[in-house]
Amino acid sequence: MAYRESMMAKLFLGLLLLSCMHHQLAIGRFVVEKNSLTVTSPESIKGNHDSAIGNFGIPQYGGSMAGTVDYPKENRKGCRKFDEFGTSFKANPGALPKFVLLDRGVHVYYPDCFFALKVWNAQNAGASAVLVADDIDEPLITMDRPEEDGSSSKYIENITIPSALISKSFGETLKKSISNGDMVNLNLDWREAVPHPDDRVEYELWTNSNDECGIKCDMLMDFVKNFKGAAQILEKGGYSLFTPHYITWYCPQAFTISKQCKSQCINHGRYCAPDPEQDFSQGYEGKDVVIENLRQLCVFKVANESEKAWIWWDYITDFQIRCPMKEKKYNKECADGVIKSLGLDLKKIEKCMGDPNADSDNVVLKEEQDAQIGKGSRGDVTILPTLVVNNRQYRGKLEKGAVLKAICSGFEETTEPAVCLSDDVETNECLENNGGCWHDKSANVTACKDTFRGKVCECPLVDGVQFKGDGYTSCVASGPGRCKINNGGCWHESRDGDSFSACLDNENGKCGCPSGFKGDGVKSCEGEKIRTDIDECKEKKACQCPECSCKNTWGSYECTCGGDLLYIRDHDTCISKTAGKGKSSWTAMWIIFLSLGMAAGGAYLVYKYRWRSYMDSEIRAIMAQYMPLDNQSGVVNHASENHA
């Protein structure tokens, strides 16, 4: 049953693509993006020629490259590694770079010899660029990247050299000149590959919200995350005008009422997307992808109306991180959370999206289907992802440096912004709305961290305390010391001079109401402290003296006395405040009087003793002068002592 559903999903996808192709063949076209190729020597073949830029590697947009052409003697289709033949294309010091000329086509033993594989093998052998000569006479086509699988994905993303397809006749001319022993020099020029009329570049990215399409989806999301910082700098500075687009298909008229069409489309088959898992029996449906695509378009429109179009980049990266299909979070609830965190008007976005069940056109998605058809110099959009710069489709690796070079080549000379002249692209996305990350206003702590490639939402480390959470909706302080920072995010309150907190200073980071309280510990601990004792006032267990007045308070009681009485709790009685004050005053006065009396008595005794001794010695000295005594030597003579 599951196999049958899977096969039906693939068949339905094929029908959708066929209907889309039929629609585009009727009114649209595919445009091959070209660059100029000039042969500078030998004289016999000098001239300008067109070449079709390969849709992989890194074209040198805005620049040019000179080199000499090398046509290998073996492995001329480039399907095998060149080191197997001892062939190297590395240029000698001081010599021109080597451009390797290869033949289009596959090897009998290597049927999967894609364009990209040819270029990869030549790059590994030292080539600076690759020219692939067509094997049939036809208009130039774009060398596209193959449908990536486990083997091709290993080399496609690592191709860093430019490549181009040339016509069969021009290829034969180059081969003949090389076989004659001529040194063929030529110049590859990408300066006119992107128009550069003025000081503002207009570019658009055709993308998809589906994150389960394998390697291609992963590559797209890596590009969006890495390029976001540069894109927002260009947009905020007014240097660029960016517009996102999303491809949708319509269901063939004969299948609009089928189960498959109803599960993959909205608005009665008008706008469809393939089943993400290519299996109708499980996972998300194609209409889920269409609705999210529509939401992302409306996010851009609402942000653009507020002159903050660059917020689209924040929404896309945050949605991919927070709402992946693998975690079953690819839904409206998760998307609304991202929208609110970025400060966007959710009602305006919902109004923009309209009713997906209505049997009528959706204005936004109808504009997208019309935009898929090529206009002017831009061809139809049939490849996801597709980047268009100044109405020219970008060809090459979808990588930050390569894309930024292509965009910068679209500025009129001397009008390039600083971001085009320096690799040091600094951003500070946390200044506005905390980058959509978690933020504790009371503690002034945020999970937003600015990096070279844009902001990330990671719970912070503050004063040795680690916060834990998803960084977008919550971060909780954890571990010892967490209660020092805003009470660990727990409930706290002060009542009657006492402070109460639900923060538990432990490793689990949980909050718990203190003893005698009830609640969740985060937002509240219910009302009053839960009393475990009896009501003393009501039960007359306290404050029972005749003059006492009892009143219940926070977890206890309060007893007061009327008039000038003072309540003594230990004795449950009231005493006079003034009586206590008078008695204390008299006691203090008596203590002072007694102290003064004792001091006076002591001074009198000291005075009397010293004075009497002095007088006795003076009297004896006088008497000794007039009536000598028998033992005069024992008398102290002060007069003689002073004049000795």
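Scope of this entry: the structure provided in the associated data block. No experiment lies behind these values; they were computed from the predicted model shown.

Rules and cut-offs
Residues numbered from 1 in each chain as written. Predicted model: local features only at pLDDT ≥ 70, side-chain atom pairs only at ≥ 80, totals over all residues. Heavy atoms only, no water. Helix = DSSP H or I, 4+ residues; strand = E, 2+ residues; numbered from the N terminus. Buried < 20%, exposed > 50% of the residue type's maximum accessible area, 1.4 Å probe, protein only. Contact = heavy atoms within 4.5 Å. Areas by Shrake-Rupley, 256 points an atom, 1.4 Å probe, with all protein chains shown as cover. Disulfide = S-S within 2.5 Å. Phe/Tyr/Trp six-rings, centres within 6.5 Å; stacked < 30°, edge-to-face > 60°. Arc of directions from axis to C-beta. Core = buried A, V, L, I, M, F, W, Y, C linked by side-chain atoms within 4.5 Å. Polar contact = N/O pair within 3.5 Å; in protein donor to acceptor, adjacent residues only side chain to side chain. Patch = residues over 30% accessible without salt bridge, like charges linked within 9 Å, V, L, I, M, F, W, Y side chains within 5 Å. Salt bridge = Lys/Arg side-chain N within 4 Å of Asp/Glu carboxyl O. Lys, Arg positive; Asp, Glu negative; His and termini not counted. Charge placed at Lys NZ, Arg CZ, Asp CG, Glu CD. Pairing = 2+ DSSP bridges. Axes fitted to C-alpha atoms, helices over the stretch in contact; angles between N-to-C directions. Parallel < 35°, antiparallel > 145°, perpendicular 65-115°, else oblique. Left-handed = near helix turned anticlockwise from the far one by under 90°.

**Examining the overall build of the protein**
For step 1, the next point in the chain: In terms of regular secondary structure, the protein is built from 16 helices and 26 strands.
For step 2, the next point in the chain: In the protein, which comprises 644 residues, the proportion classed as buried is 44%.
For step 3, the next point in the chain: For the protein, the proportion of contacts with a sequence separation of at least 24, taken over those separated by at least 6, is 65%.
For step 4, the next point in the chain: A total of about 34900 Å² of accessible surface is found on the protein, and carbon and sulfur atoms cover 53% of it.

**A short note on the state of the cysteines**
For step 1, the next point in the chain: Scanning the entire structure with this criterion turns up 10 disulfides.
For step 2, the next point in the chain: Between C430 and C448 runs a disulfide, and the two sulfur atoms are separated by 2.1 Å. Given an S-S torsion of about -80 degrees, the disulfide between C430 and C448 has left-handed geometry. Taken as a pair, C430 in the loop between α13 (418-421) and β14 (439-440) and C448 in strand β16 (residues 448-451) lie far apart in primary sequence, 18 residues in all.
For step 3, the next point in the chain: For C430, a relative accessible area of 15% gives the class buried.
For step 4, the next point in the chain: Owing to a relative accessible area of 11%, C448 belongs among the buried residues under this scheme.
For step 5, the next point in the chain: Disulfide pairing is shown between C459 and C475; the S-S distance is 2.1 Å.

**A closer look at the packing of aromatic side chains**
In this description, an aromatic ring pair is defined by two values, namely the gap between the centres and the angle between the planes.
For step 1, the next point in the chain: A full pass over the atoms with the stated rule returns 15 aromatic pairs.
For step 2, the next point in the chain: Taking 5.4 Å as the distance between ring centres and 70 degrees as the angle between the ring planes, the aromatic pair formed by Y284 and Y330 counts as edge-to-face. Highlighted residues: Y284 in the loop between β11 (271-272) and α7 (286-305) and Y330 in the loop between α8 (311-322) and α9 (332-341), separated in sequence by 46 residues. An identical accessibility class is assigned to Y284 and Y330; each is buried.

**A look at helix α10 (residues 346-353)**
For step 1, the next point in the chain: Those residues of α10 not exposed but buried are L346, I349 and M353. Down the axis of α10, the sector holding all buried residues measures 65 degrees, keeping them to one side. Relative to its buried face, α10 has exposed residues pointing more than 90 degrees away, namely K347 and K351.
For step 2, the next point in the chain: Contacts from the buried residues of α10 go to α7 and α9.
For step 3, the next point in the chain: Residue G354 follows α10 closely and has a positive phi angle near 70 degrees.

**Regarding the nonpolar core**
For step 1, the next point in the chain: In this structure, Y203, F227, Y315 and I407 are the most contacted members of the largest nonpolar core, which totals 63 residues.
For step 2, the next point in the chain: Ignoring sequence-local partners within four residues, the contact set of Y315 consists of E292, R295, Q296, V299, A335, V338, I339 and L342.
For step 3, the next point in the chain: With 23 residues, the next largest nonpolar core counts F56, F82, V100 and I156 among its residues.

**Section: α9**
For step 1, the next point in the chain: Those residues of α9 that fall on the buried side of the exposure criterion are C334, A335, D336, V338, I339 and S341.
For step 2, the next point in the chain: Buried residues along α9 sit against α7, α8 and α10.
For step 3, the next point in the chain: The opening residue of α9 is N331, an N-cap whose side-chain oxygen sits 3.4 Å from the backbone nitrogen of E333.
For step 4, the next point in the chain: Phi for G343, located one or two positions after α9, is positive at around 75 degrees.

**So, a negative patch on the surface**
For step 1, the next point in the chain: Together, D198, D199, E412 and E413 line one region of the surface with negative charge.
For step 2, the next point in the chain: Within the secondary structure, E412 is located in the loop between α12 (400-408) and α13.

**What to know about the environment of V381**
For step 1, the next point in the chain: The residue V381 is located in the loop between α11 (363-371) and β12 (386-389) in this model.
For step 2, the next point in the chain: Residues V381 and A371, 10 residues apart in the sequence, show an inter-C-alpha distance of 8.5 Å.

**Brief notes about the side chain of S258**
For step 1, the next point in the chain: Its place among the elements puts S258 in the loop between β9 (240-246) and α6 (259-264).
For step 2, the next point in the chain: Within the structure, the side chain of S258 is placed 3.2 Å from the backbone nitrogen of C261, a separation counted as a polar contact.

**Focus on the sheet that holds strand β20 (residues 476-478)**
For step 1, the next point in the chain: The strand order β18-β19-β20 describes an open sheet built from three strands, whose pairing is antiparallel. In the strand order of this sheet, the two ends are held by β18 (461-462) and β20, each with one partner.
For step 2, the next point in the chain: Pairing geometry for strand β19 (residues 465-468) and β20, over three bridges, is antiparallel. Across the sheet, the residue bridging to K468 is V476, located in β20.

**Description of the packing of α8 against α9**
For step 1, the next point in the chain: Where α8 contacts α9, the two axes come as close as 10 Å, and the packing angle between them is 140 degrees. Classified by the interaxial angle, the pair formed by α8 and α9 is oblique. Here α8 and α9 pass one another in a crossing that is right-handed. On the side of α8, the interface is formed by Y315, D318, F319 and R322, while α9 contributes C334, A335, G337, V338, I339 and S341.

**Overview of the pairing of strand β7 (residues 185-189)**
For step 1, the next point in the chain: The element β7 is largely enclosed, with a buried count of five among its five residues.
For step 2, the next point in the chain: Neither face of β7 is open: one carries N185, N187 and D189, the other L186 and L188, and all of them are buried.
For step 3, the next point in the chain: As paired elements, strand β3 (residues 64-70) and β7 share five bridges and run antiparallel to each other. Pairing of T68 across the sheet is with N185, part of β7.

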